[in-house]
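Analysis of the macromolecular model
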Amino acid sequence: MATKSSSLRVGIVGFGHLGQYLVERIIKDGADVGLTLAFVWNRNWEKLKGLVPEELVLRNLSSFTDRNCDIIVEVCHPQVVQECGVHFLSHSHFMVGSPSVLADHELNEKLRQTAKVNGKTLYVPSGALWGGQDIQRLNDSGALQALFIRMSKHPSCFRLTGDVLSDWTEGEGRRVLFRGSVADLCPLAPNNVNTMAAAAVAAGKLGFNGVQGEIVSDTALSDYHLVEVEVMGLNGFSVHTVRKNPAQLGAVTGSATYNSFWNSLLVCKGHGGRVYLC
Ligand SMILES: NC(=O)c1ccc[n+]([C@@H]2O[C@H](COP(=O)([O-])OP(=O)(O)OC[C@H]3O[C@@H](n4cnc5c(N)ncnc54)[C@H](O)[C@@H]3O)[C@@H](O)[C@H]2O)c1
C-alpha cells in the first residue's frame, strides 16, 4: 500500500461520465493506490457542488499551476486539449482522454516537443483497444506492416459531426459509415474513434495517415460495441482480435472502458519526455 507522502496528485479536467467515474474512484480507492485529488475542473462548476469537496473545485482552469499536480487528466473535449494541452504538459504529466485530437498533426508535434523539452510524459489511454502494447512492440521492432480497426455500434451510440446517420431506423441492420485513414476519421467521429487514435499512437511508424479504420452502424448491436483489430507483420505474421464491449443503447462509451481508464491512470507515474500508451 502506498503511503500518503508518495501519493501522486491528480487534476481532473471535465466532469462528464468519465470525469465523475475517475473522481469517485480516486476518492474511494486513491489512498490504496497512491493517488490524491489535486483539483476537479468543469466548465460549469455548479455541477460539482455537493459531489466534490469545495477546496478541490478549480474555478479558473488557468490557475491549475497553483495545485501542484503530478498528472492532469483530460476527460472533457478535444477543444480543451487544443487550448490547454501544451500548457498542462509544460508543468505536469498529461493523460489525454480525447486522443482523436492528436490527428491534428501540428498539435501532435507541439505536444511531443513539449513533452521532450520538459521531461513530462504525454499519456494516451488504450481505451477499448486490445493488444496496444503488442502493437507498439511490433511497431518499435520495425515489423509492423499494416493495421486495420473496425468499430461497430448501434446507431444510437454514434456522435458524428456530419448527418450521414440522421436517417437510421430500428431494424435496418448493418451500414458501413466510413472507411479510410484514422486521420480522416477522427474529425468525422471524434467521440467514437478514440480507440483508433490510441492504435495510431501505438503504431507510430504508420501514424494517423497509415492506420486504416472503419465505422459501422448495426442495429443488431443493442448490448455491446464491437472492436476488431487486424495486425499484419513480416513474413505472413497476422493477428485478428474481436472485442465485445458491453454497452447500453445510446452509450458512446462501453462500460469496460471506464475500468480501462482507471487502469491507465494507475500507470501514469512518469515515463520521461515522450508519448506513452497506457
Ligand atoms: N480514450 C477513450 O477510449 C475514450 C472513451 C470514452 C470517451 N472519450 C473521450 O473523453 C471525453 C469525455 O468523455 P465523457 O464520456 O466523459 O463525455 P461527457 O459528454 O459525459 O462529458 C464531457 C464533459 O466535458 C464538458 N465539455 C464538453 N464540451 C466542452 C468544451 N468544449 N469545453 C469545456 N468542457 C466541455 C461537458 O460539459 C461534460 O462535463 C470525450 O472527448 C470523449 O470523446 C475517450
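Residues numbered from 1 in each chain as written. Predicted model: local features only at pLDDT ≥ 70, side-chain atom pairs only at ≥ 80, totals over all residues. Heavy atoms only, no water.

A short note on the overall build of the protein
Heads up, the condition is: Helix and strand definitions follow DSSP, with helices as H or I runs of at least four residues and strands as E runs of at least two, each counted in order from the N terminus. Here the globule rule reads 2.2 Å times residues to the power 0.38, and the radius of gyration is calculated from C-alpha atoms. In this scheme, a residue with accessible area under 20% of its type's maximum is buried, one over 50% is exposed, and one in between is partly exposed, where area comes from a 1.4 Å probe on protein chains only. Residue contacts follow a heavy-atom distance rule, with two residues in contact if any of their heavy atoms lie within 4.5 Å. The protein chains shown are the only cover counted for residues, whose accessible areas, like all others here, come from Shrake-Rupley with a 1.4 Å probe. When charges are counted, Lys and Arg are positive and Asp and Glu negative, with His and the chain ends excluded. For the purpose of locating charges, the reference atoms are NZ of Lys, CZ of Arg, CG of Asp and CD of Glu.
Assigned secondary structure in the protein consists of eight helices and eleven strands. Taking 278 residues into account, the globule formula puts the C-alpha radius of gyration at 19 Å, and the protein, at 19 Å, falls close to it. Taking all 278 residues of the protein together, the buried fraction comes to 52%. Across the protein, contacts joining residues at least 24 apart in sequence account for 72% of those joining residues at least 6 apart. On the protein, roughly 12800 Å² of surface is accessible, and the fraction owed to carbon and sulfur atoms is 50%. Taken as two groups, the 25 positive and 25 negative side-chain charges of the protein have centres that lie 5 Å from each other.

Considerations on helix H2 (residues 78-91)
Just so we agree on the cut-off: Here the expected length of a helix is defined as 1.5 Å per residue gap, with one fewer gap than residues. Consider a residue and the seven residues that end there alongside the seven that start there; fitting an axis to each set, the bend is the angle between those axes.
Taking 1.5 Å per residue, 14 residues should reach 20 Å; H2 reaches 19 Å between its end C-alpha atoms and fits that length. The sharpest bend along H2 measures roughly 60° and falls at Cys84. For H2, every residue scored as buried is listed here: Pro78, Val80, Val81, Cys84, Gly85, Phe88 and Leu89. Next to the buried residues of H2 lie strand E1 (8-13), strand E3 (71-74), strand E4 (93-96), helix H3 (105-118) and strand E5 (122-124).

Focus on the pattern of salt bridges
Operational definition: One side-chain nitrogen of Lys or Arg within 4 Å of one carboxyl oxygen of Asp or Glu is enough to make a salt bridge.
On inspection of all chains with the given rule, the structure shows ten salt bridges. Residues Asp167 and Arg175 are paired through a salt bridge, measuring 3.2 Å at the closest nitrogen-oxygen approach. With a closest N to O distance of 2.8 Å, Arg179 and Glu214 form a salt bridge. With Arg179 in strand E7 (residues 174-181) and Glu214 in strand E8 (residues 212-218), this pair connects stretches of sequence that are 35 residues apart. Taking the relative accessible area as the measure of exposure, Arg179 reaches 55% and is therefore exposed. Linked by salt bridges that have partners in common, Arg150, Arg179, Glu214 and Glu228 make up one network.

Structural notes on the state of the cysteines
To keep things clear, this is the line we draw: Here, the term disulfide refers to a pair of cysteine sulfur atoms separated by no more than 2.5 Å.
Under the counting rule described, the total for this entry stands at zero disulfides. With no disulfide of its own, Cys278 has Cys268 as its nearest cysteine by sulfur position, at a separation of 4.0 Å.

Here's the deal with the domain arrangement of the protein
To keep things clear, this is the line we draw: Where each domain begins and ends is defined by an automated method or by a domain database. When two parts are put together, the accessible area they lose, computed with a 1.4 Å probe and summed over both, is reported as buried area. Each polar contact in these results corresponds to two N or O atoms within 3.5 Å; when the atoms are within protein, one needs to be able to donate a hydrogen and the other to accept it, and residues that are neighboring in sequence are counted only if both atoms are side-chain atoms. Polarity classes work like this: nonpolar for Ala, Val, Leu, Ile, Met, Phe, Trp, Tyr, Cys and Pro, charged for Asp, Glu, Lys and Arg, and polar for all others, with Gly in that last group.
Along its sequence, the protein is carved into domain 1 (4-128 + 258-277) and domain 2 (132-252). When the two sides are added together, the surface that domain 1 and domain 2 hide from each other amounts to roughly 1200 Å², 63% of it contributed by carbon and sulfur. The three residues of domain 1 that bury the most area against domain 2 are Ser100, Ala128 and Leu277, which together make up 51% of that side's buried surface. Where domain 1 meets domain 2, there are zero salt bridges. Seen at the junction of domain 1 and domain 2, the total is five residue pairs in polar contact (both at pLDDT 80 or more). For the side of domain 1 that touches domain 2, a count of residues per class yields eight nonpolar, six polar and no charged.

Comments concerning the site of the ligand
Inclusion rule: One heavy atom suffices: a residue is near a molecule or strand as soon as one of its heavy atoms comes within 4 Å of it.
As a structural note, the neighbourhood of the ligand is formed by 23 residues, with His17, Leu18, Gly97, Ser98 and Asn191 the closest of them. Asn42 is positioned with one of its side-chain polar atoms (N or O) 2.9 Å from an oxygen atom of the ligand. Here the ligand has 860 Å² of accessible area as a free molecule, and 82% of this is covered by the chains. Those elements giving two or more residues to the shell around the ligand turn out to be helix H1 (17-33), H2 and helix H8 (255-267). Here the shell around the ligand is built from residues that sort into nine nonpolar, twelve polar and two charged.

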